[in-house]
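Summary of the model geometry
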Amino acid sequence: MFGGVFGGGSQKPAQSAPMGGMPGMGQGQGQMDPNAQLAAAEQEMEMVTDMFARLGELCNKKCILQRYSDEDLTKAESVCIDRCVAKYFQVNREVSDKLAKLSQANQ
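For clarity, every value in this text was computed on a predicted model and none was experimentally measured.

Quick look at the confidence of the model for the chain now. In the predicted model, the chain carries a mean pLDDT of 78, and 72% of its residues have values of at least 70. Every residue in residues 1-29 is under pLDDT 50, and counting partners more than four places away or in other chains gives 37 contacts.

Below is the structure:
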């Protein structure tokens, strides 16, 4: 889903294979066996968790002051975080769309 697009922080590189190369694929009408479904779900969960961790770290470094004068976020910090998250997801969506188009063009 999102992992590997921005690099860094990932323990394991995302492994991708064409549909025919995945275990359990090609059986009937593109159905995956339960073990392949579980593996795909686990990989997607790992990628989402990694993306969320990188997003939190990136926006925290960019927006949160290192000396805390108040227990709550300031208005400026809150706005900065909102914009940081929005930009991160916008770029991620654009990169994912571009990669999907390139993948479809190569098939």
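Next comes the rest of the account.
Glancing now at the nonpolar core. Counting 6 residues, the largest nonpolar core is built from Met51, Leu55, Cys59, Cys63, Cys84 and Tyr88. By residue number, the principal contributor to this core is helix H1 (residues 34-63), which donates 4 residues.

What follows is about the pattern of salt bridges. Tallied over the full model, the rule gives 2 salt bridges. In this structure, the salt-bridge partner of Arg54 is Asp50, at a minimum N-O distance of 2.9 Å. Taken as a pair, Arg54 and Asp50 lie in helix H1 at a separation of 4 residues, close to a single helical turn. The partner of Glu57 in a salt bridge is Lys61, and the shortest N-O contact between them spans 3.3 Å. Residue Glu57 and its partner Lys61 are located together in helix H1, separated by 4 residues, close to a single helical turn. Relative accessible area serves as the criterion here: at 46%, Glu57 is assigned to the partly exposed category.

Within the secondary structure layout, Gln66 lies in the loop between H1 and helix H2 (75-105). Residue Gln66 is classed as exposed on the basis of its relative accessible area, which comes to 62%.

Looking now at the state of the cysteines. In total, this model carries 2 disulfides according to the counting rule given. Disulfide pairing places Cys59 opposite Cys84 at an S-S distance of 2.0 Å. The disulfide joining Cys59 to Cys84 has a torsion of about -90 degrees about its S-S bond and is therefore left-handed. Here Cys59, found in helix H1, pairs with Cys84, found in helix H2; they are 25 residues apart in sequence, far enough to count as distant.

Criteria and cut-off values
Residues numbered from 1 in each chain as written. Predicted model: local features only at pLDDT ≥ 70, side-chain atom pairs only at ≥ 80, totals over all residues. Heavy atoms only, no water. pLDDT = per-residue confidence, 0-100. Contact = heavy atoms within 4.5 Å. Core = buried A, V, L, I, M, F, W, Y, C linked by side-chain atoms within 4.5 Å. Buried < 20%, exposed > 50% of the residue type's maximum accessible area, 1.4 Å probe, protein only. Helix = DSSP H or I, 4+ residues; strand = E, 2+ residues; numbered from the N terminus. Salt bridge = Lys/Arg side-chain N within 4 Å of Asp/Glu carboxyl O. Disulfide = S-S within 2.5 Å.

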